[in-house]
Amino acid sequence: MTDTLLKMCDITKSFPGVLALDAVDLEVERGEIHGLVGENGAGKSTIIKVLAGVYKADGGSVDIDGETLADVTPRSVHDAGVRFIHQELHLVQHFTVTESVFMGQEEQTLLGLSARAMRAKAEAFFETALGTQLSGKTLIRDLGIAERKLVQIARALIDAKAKLVVFDEPTAPLTSGETDKLFAAIRKLKEQGIAMIYVSHYLAEITDICDRVTVLRNGQNAGRFDDVFDNSAPAMISAMVGREIDELFPTTEHSAAAPRLEIQSLCADAFNDVSLTVHRHEIVGIAGLVGSGREDLIDTIYGLKAPSSGTLKIDGIAQRFRAPSEAVAAGIALVPRDRRHDGLVLDMSVSDNVNLAALDSVSRWTLENRRASHAVATEMSETLDIRPRNIAATARLLSGGNQQKVVLGRWLNKGADIFILDEPTVGVDVGAKVEIYQHIENLAKDGVSVLVSSSDPGELIGLCDRILVMLRGKIVAEVSTTDLGVDTLVALTTGGAVQEVAV
Amino acid sequence: MTLRSVFARFGLIIIIVMFFSFFSYVSPVFLTFDNQVNIIEASAIVLILALGMTLVVAMGGIDLSIGIAFDFGAAFAVVALKDFGAAWYVACLIGVMGGALVGLLNAILIVGLKISPFMATLGTFFVGSSVERVFTNGGGPISYRRMPQEYRDLAVGDVFGIPTEVIIAAAVCLVYFVVLERSIFGKRIHAIGLQKDAANVAGIPVRRYMFVAFILASATCAIGGLIGSANIRMFTPLAGFSYLLDAIAAVFIGAAIHPKGRPNVIGTLVGVLFLGMIGNGLNLMGLDFNLKAALSGIILVSALALAVAQQRFR
Amino acid sequence: MTQPMSQRLLGVFPIIVFACLFAYLGVQSTTFLSLDTLELITKQAVPTVIVSLGLATVVIAGGDDVVAGGIDLSIPATAIICAAIIADQLTNQGASLPFAMILAFGAAAIIGAINAFLVVGLRMTPLLATLSMSVAIVGITKVITSSRRIGVTDETIVFIRDGTIFGIAASVVMTTVLVLVFYHALHRTRWGMNMQATGGSRDAAEISGILTRRFVVQSFLIAAFAGWIASVFVLARGSGSSPGTEENMLLEMVLATFLGAAFSPRRVVTLWGAVLGAVVVSALSVGFISIGVNVFWTGCIKGALILLVVASASVTTKGRS
């Protein structure tokens, strides 16, 4: 029986300079779990936001239950029975489960809140609709992440009017055990005839629970899988990737030399038993999805977070960093993933940002020697081609690519032995990307050890000598980039590989 | 330039000029040289405390205990002079160290125990005021009529006709300007105040800097306490509290007239002089003491609101 | 997810300290554990309880981050100016109590509206806005009273001071009713839950369709309202309005409200917590006097208690995240 619940036709949406969606179709049938996959920037979140009424489409139509929505607004979509489970939980830590489920839709009589009734209703909902036991009196902060996710789902569905639920990366922060818990709830919802759109990077999950899958690539439909089997992942990956790696990357072979950074069985909350070595002249990549523990690993190496056990050695000497300043003193530099929050002091000038880590070298009797600091900044600005070529410009006003060059320039100026780059080209335009890659390459040539953590498989393969793959807090594979295909790497990071490669 | 951008850039300056013209108009005395010197002299202590506050606010904190540091500076110095017969410069040193003690407590609470600066310094304020009351048996002043002339001169002396307290305040102001606006220490403090996480990633030892800055700020306020005690030849418990709001207000007014809205030394100087001018002008208008209190309170709220509004318009 | 034992201990540490303090007071002073003392404690706590209700409301709606969240330091000043207006009207202008009360209410409403405008409209930090407002209000109060004490002999006010209802002090009964009304509104209605959500997480509340700005505005108006109510009890306690009483009240209000967070099972500011906090603070003052501790030390002890509570809260939340 084909019974279409949602039909999005020819959706087009452009932003200044970018065509984000180009006549995309998306159809969801009643009671099915429909997967939506694609690489970063393929248009998944854009089409979800169009459906949510957050973005207004330039063209196309949205039909729900056979009726065309005249005006797609958050209100009209909600009234039509569509609910969204955002990636962020949006819960109040000190609220109880019941209070969280009914937030903004509390039930009350003339005498006040019907606390008991709401609690009973919430607990019954968890039991019957999600197939789990959860006390309405528990505080959110005492729950695990998976249970919080269920609370978030209950909040969206408690009014029993939902026909279609959109999950945006629901498992990103979960461990595999917790994922099973969530999947049980999702299957239970399906039994009740609720349709779902499931957006995820984890292809293993997609093939596990989805009935059909729509693949997007560069803002266009790149295929639809009407039958999904456990071994459909490779076909999906080639639909998602669909391109050869372009000539973005300089090609140089590095002769690996003495080890510089050695990590042995490092453990923390988000990852377990991680060991890795980076040699001089070497560029090592870390691949992994959001939530794989990649981010915490970088933070721990740099002293932003404390490890629970394990050792870190630099040039054979064991180190323990209590703060980034100590890591910097030991010769490490970090280009952080959240450039605007951690990388730059946005309201300081380009010159100040470039000099921030090496102020001592441009000072006399602790007073800033402005001529020297400006000379350094001007030189960096020339070397890295930072635009505008005005070192007094406020960093906030620069484009993403130029901001990243400023962060890079700071560490080039400081002269570190180990460069850690976390998502070095997120939000960076293609031109600047090429330049940044060249600089990374040059660093390695000069004997610097480079560790690159990235969610862009193409970038890692093009840039690195070796890649370590993290999945759910563990390093599951180490691969050389020679003859490594993007689809193989994607398969490894998404857990879609038939066989896990042992380290 | 639109009206809006003129307001965003010069709103407060225009208000300050308007008040200045107004007082010149209503009071013939206001514009005289002697009266202008009066304003500056009356602003000296506030300026010193406001500078300490500028340092803390530039680093993204707040210090509600500057009054306690002021009092401790005065108390330590007066007791050193009176009970231990210390030389005047030793007493000054001891006073400043007494103030630094207050800063040390703040630093331990904020950096060590990670209490928010507001709560921590509020707690220090309560503990400090109580200690002062106990020490003085309920808040009676400790007076010392026969204090050395050199110490007394901190407040009443002059060099080439310029009052010593003005010279001291100017010197502190200059030092603060160099440290906060020209040195690499100041650059790092500003970076911490703007974006603590980014400063941390850039390798600045954020905790160490915060620790030092809180102590430095309190020590500075103690200098104000020295002058205050020299002026009236006694230590009056809880006298420092009255400077708190003026100091905060001066810092925020100063931030509003900065092109980037940052707390800064020159701005604080302008803010202090503005508040001094308001107090002086209201006095000259011959207003009743109570009415003066009400008016200066209202002007304070309005100036702060304007300062904030001005930054929002950018 | 269970917390390690050491952390749970740290969480209840303030409560243990208080329990020990009271046990000590009970043993040291023969009169401390008696009904008379209890009445004295509750009567003394009344104005603090009421202003703390106001502050708790603002903190609940604004979040408990002291600088970025909600705080209103102008409530005691509001109480003082309302008391001054009422006393001035009754004693100097010969007005009736209802008229005086309405006039004071108008003043409180204006103060609440200005606070709300500064915080929500201009996005000024609540701390700075309400602190400077407090100074301005105290200044205006000086104009009204000429910095003098104004005695009040109005029957109703005297009844609130001395009278009893069912054998219990009138002020205590009235305050209890007020506390119940506040509790019902904030913890037992949809409106109150939405206000709590606003303070708990602004983003979460907005995504649930709650108009957060409106709730923050309302919280400042309610705080001013609490100041207005408190003024009557301030008048009763002092048999008139006296200058310079706001500073001590400010200290007790902040202490009571944030102390209350340590008593609440969820470790957040609640109305019950604030009320309990105010009573505990009052009990400590009475207790210390009854065993003859130097009265000047009480400020030190209160300050140390604030730090203790806040420090243990910061240590436990640090461990949790």
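Computed from a predicted model, the values in this text were never measured in an experiment.

1. Quick look at the overall build of chain C
Consideration 1: Broken down by element type, chain C carries 13 helices and four strands.
Consideration 2: For chain C, whose C-alpha radius of gyration is 20 Å, the value lies close to the compact-globule estimate of 20 Å for 321 residues.
Consideration 3: Dimensions along the principal axes, computed over C-alpha positions, put chain C at roughly 65 × 55 × 35 Å.
Consideration 4: Evaluated residue by residue, chain C yields a buried proportion of 52% over its 321 residues.
Consideration 5: Excluding contacts between residues fewer than 6 apart, the proportion of contacts in chain C whose partners are at least 24 apart in sequence is 75%.

2. Here we look at the interface of chain B and chain A
Consideration 1: Chain B puts 21 residues into the contact, and the matching count from chain A is 24 residues.
Consideration 2: The dominant element in the side of chain B that touches chain A, judged by the number of residues it contributes, is helix H8 (residues 184-194) of chain B, at six residues.
Consideration 3: When its residues are assigned to classes, the side of chain B that touches chain A shows eleven nonpolar, four polar and six charged.

3. As for helix H8 (residues 190-200) of chain C
Consideration 1: Extensive coverage of H8 of chain C is indicated by the burial of nine of its eleven residues.
Consideration 2: When we look at burial in H8 of chain C, the residues that qualify are Gly 192, Met 193, Asn 194, Met 195, Gln 196, Ala 197, Thr 198, Gly 199 and Gly 200 of chain C.

4. Here's the deal with the interface of chain B and chain C
Consideration 1: At the junction of the two partners, chain B supplies 35 residues and chain C supplies 36 residues.
Consideration 2: If you list the elements that add at least two residues to the side of chain B that touches chain C, you get helix H5 (117-135), helix H11 (244-256) and helix H13 (289-312) of chain B.
Consideration 3: With 14 residues, the top contributor of residues to the side of chain B that touches chain C is H13 of chain B.

5. Comments concerning the sheet that holds strand S10 (residues 195-199) of chain A
Residue and element names in this part refer to chain A.
Consideration 1: Strand order in the open sheet made by the six strands is S6-S9-S10-S3-S11-S12, with mixed pairing throughout. Single-partner strands in this sheet number two, and they are strand S6 (82-85) and strand S12 (220-225). Averaged over all adjacent pairs, the angle separating strand axes in this sheet is 20°, with direction ignored.
Consideration 2: Across four bridges, the pairing between strand S3 (residues 33-37) and strand S11 (residues 212-217) is parallel. Residue pairing in the sheet places His 34 in a bridge with Arg 212 of S11.
Consideration 3: Of the strands in this sheet, S3, S11 and S12 touch helix H8 (residues 233-241), which is tilted by about 25° from S11.

6. Things to note about the confidence of the model for chain C
Residues and elements named next belong to chain C.
Consideration 1: The predicted model of chain C has a mean per-residue pLDDT of 84, with 92% of residues at 70 or higher.
Consideration 2: Ranking the elements of chain C by mean pLDDT puts helix H13 (residues 297-320) last with 69 and helix H4 (residues 97-121) first with 95.
Consideration 3: Under the prediction, the complex receives an ipTM of 0.85, its pTM being 0.84.

7. Focus on the sheet that holds strand S13 (residues 259-267) of chain A
All names here are of chain A.
Consideration 1: The four strands are arranged S14-S13-S16-S17 in an open sheet whose pairing can be described as antiparallel. The sheet terminates laterally at strand S14 (274-279) and strand S17 (317-319), the two strands that pair on one side only. Here the average twist between neighbouring strands, direction ignored, is 20°.
Consideration 2: Two strands pair when backbone bridges link them, and S13 and strand S16 (residues 309-314) are joined in this way by five bridges, in the antiparallel orientation. Within S16, the residue paired with Gln 264 across the bridge is Thr 311.

8. Points about the pairing of strand S18 (residues 332-335) of chain A
Residue and element names in this part refer to chain A.
Consideration 1: The alternating pattern of S18 places Ile 332 and Leu 334 and Ala 333 and Val 335 on opposite faces, both of which are buried.
Consideration 2: With four bridges joining them, S18 and strand S21 (residues 418-422) adopt parallel strand pairing. From the neighbouring strand, Ile 332 faces S21, where its bridge partner is Ile 418.

9. Some points on helix H14 (residues 400-414) of chain A
An α-helical turn contains 3.6 residues, so a residue and the one three or four places further along point in the same direction.
Residues and elements named next belong to chain A.
Consideration 1: Compared with the 21 Å implied by 1.5 Å per residue over 15 residues, the 22 Å span of H14 between its first and last C-alpha is a close match.
Consideration 2: In terms of burial, H14 is a largely internal element, 13 of the 15 residues being buried.
Consideration 3: Where H14 terminates, the next one or two residues include Gly 415, which has phi positive at roughly 75°.

10. Considerations on the nonpolar core
Consideration 1: Of all hydrophobic cores here, the largest spans 383 residues; its most connected members are Ile 420 and Val 469 of chain A together with Leu 49 and Ala 247 of chain B.
Consideration 2: Among the elements that take part in this core, helix H10 (residues 212-238) of chain C stands out by supplying 17 residues, more than any other.
Consideration 3: If sequence neighbours within four positions are ignored, Leu 49 of chain B has contacts with Ile 66, Phe 70, Cys 221, Gly 224, Tyr 243 and Ala 247 of chain B.

What counts and how
- Residues numbered from 1 in each chain as written.
- Chains lettered and ligands numbered in written order.
- Predicted model: local features only at pLDDT ≥ 70, side-chain atom pairs only at ≥ 80, totals over all residues.
- Helix = DSSP H or I, 4+ residues; strand = E, 2+ residues; numbered from the N terminus.
- Rg over C-alpha atoms; globule rule 2.2 N^0.38 Å.
- Buried ≥ 20, exposed ≤ 12 C-beta atoms within 10 Å, placed from the backbone.
- Contact = placed C-beta atoms within 7 Å.
- Nonpolar A, V, L, I, M, F, W, Y, C, P; charged D, E, K, R; others polar.
- Pairing = 2+ DSSP bridges.
- Axes fitted to C-alpha atoms, helices over the stretch in contact; angles between N-to-C directions.
- pLDDT = per-residue confidence, 0-100.
- Expected span 1.5 Å × (residues − 1).
- Core = buried A, V, L, I, M, F, W, Y, C linked by C-beta atoms within 7 Å.

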